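# Remarks on the overall topology
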Amino acid sequence: MKFGSIFLATLAAFITLNALAGDPSITSTNKYPWDGSVSAGLTLTKGNSDTLLFTLKALADKKEPVNEYHLGADFTYGESDSKRTADSVHGFAQWNHTFTDDFYGYARVEGLRDDIAGIKYRFTIGPGVGYYFIKDTQTTLAVEGGGSYVFQRLGTNDTSYMTLRLAQRFEHKFATHGARVWETVEILPQVDRIQNYLVNAEVGVEAAISKSFTLQVYVDDNYDSEPAPGRKKNDIKLVGAIAYKF
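Residues numbered from 1 in each chain as written. Predicted model: local features only at pLDDT ≥ 70, side-chain atom pairs only at ≥ 80, totals over all residues. Heavy atoms only, no water.

### A look at the overall build of the chain
- Scanning the chain for helices and strands turns up two helices and 12 strands.
- When its helices and strands are written in sequence order, the chain yields α-α-β-β-β-β-β-β-β-β-β-β-β-β.
- In the chain, buried positions account for 35% of the 246 residues.
- When contacts within the chain are restricted to residue pairs at least 6 apart in sequence, long-range pairs at least 24 apart make up 47% of them.
- Of the accessible surface of the chain, which amounts to about 13800 Å², a share of 62% is contributed by carbon and sulfur atoms. (Helix = DSSP H or I, 4+ residues; strand = E, 2+ residues; numbered from the N terminus. Buried < 20%, exposed > 50% of the residue type's maximum accessible area, 1.4 Å probe, protein only. Contact = heavy atoms within 4.5 Å. Areas by Shrake-Rupley, 256 points an atom, 1.4 Å probe, with all protein chains shown as cover.)

Dropping the structure here:
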């Protein structure tokens, strides 16, 4: 079974379990429930050009007095005139353990497959520390730093190396209209060859259209200084999606 199939099966199970967790009869004794969302976007044109772009993303967060859990998975598929233009699956899990109100340690694992970019697989695993410069009910601003181990297959080449990880994330929730803005960026330079590095960034806005549904627009930018042979260094994706919150 292909990695993507396994990943999507895991994602489906994750969504089902968290949907069940939203049942009051199940979570009535759960003091710290999961806060999650599933979003989907579709662009389709027919006529002089036939194009398709489909995106699916699931996120879940759980915050306890000492521990925080962050999970995410996303899938993108695109075609233009029957030729694939996008085919990727990505997921991450991060556990934060707080030492003070603002200071925490973390462990993070991330996986990616992107056929169009020639990434057969890329796994990133590592620990680090983080600090909240702003942490209130409406606004958070945190920075993180640590180390990671990357092992990947680009085309037919298998490589592995150690990187530093420098990251920053920001979110602001507006008091009215159920709107929010967010931004994240991380840089992963190889420890012993600094010219080899990855940059992943996202910026987005969200507005409520009902109690459970929101409209999202966000931009993903992924830069690889040494991509697979014959591939470009930069991939940018603009997504408009409808999200269901549970």
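### Here we look at empty space enclosed by the protein
- Evaluated as defined, the whole model comprises one cavity of 30 Å³ or more.
- Approximately 60 Å³ is the volume attributed to the largest cavity.
- Around the largest cavity, the lining residues are Tyr106, Arg108, Glu110, Thr124, Gly126, Pro127, Gly147, Ser148, Arg165, Glu186 and Leu188.
- Contributing elements (two or more residues each) for the lining of the largest cavity: strand S5 (103-114), strand S6 (119-135), strand S7 (139-154) and strand S9 (180-190).
- A breakdown of the residues in the lining of the largest cavity according to their chemical character gives three nonpolar, four polar and four charged. (1 Å grid on protein atoms, 1.4 Å probe; cavity = no way out; pocket = protein on both sides within 12 Å on 5 of 7 lines; lining within 4 Å. Points joined across faces, edges and corners; volume = space filled by probe spheres on them. Nonpolar A, V, L, I, M, F, W, Y, C, P; charged D, E, K, R; others polar.)

### Some details on the side chain of Thr76
- Structurally, Thr76 is set in strand S3 (residues 67-80).
- A distance of 2.9 Å separates the side chain of Thr76 from the side chain of Lys237, its partner in a polar contact.
- Excluding residues within four positions of it along the chain, Thr76 makes contact with Leu53, Phe54, Thr55, Ala86, Asp87, Ser88 and Lys237. (Polar contact = N/O pair within 3.5 Å; in protein donor to acceptor, adjacent residues only side chain to side chain.)

### Considering the pairing of strand S11 (residues 213-224)
- Of the pairings in the sheet, the one linking strand S10 (residues 193-208) to S11 comprises 11 bridges and is antiparallel in character. By the bridge assignment, Val199 is partnered in S11 with Tyr223.
- If you look at the hairpin formed by S10 and S11, you'll find four residues sitting between the two strands.
- Relative to strand S12 (residues 234-245), S11 is paired through 11 bridges, and the arrangement is antiparallel. Each residue of the ladder has a partner; that of Tyr223, found in S12, is Asn234. (Pairing = 2+ DSSP bridges.)

### Focus on unusual backbone geometry
- Its identity as a non-glycine residue notwithstanding, Asp81 has a phi of 50°, on the positive side.
- In this structure Asp81 comes out as partly exposed when scored by relative accessible area, which is 48%.
- Even without glycine at this site, Ser82 takes up a positive phi of about 70°.
- Checked against the element boundaries, Ser82 lands in the loop between S3 and strand S4 (83-98).

### With respect to the confidence of the model for the chain
- Across the chain, the average pLDDT comes to 88, with 88% of residues at 70 or higher.
- Between residues 1-29, whose pLDDT stays under 50, and residues either more than four places distant or in other chains, the model counts 25 contacts. (pLDDT = per-residue confidence, 0-100.)

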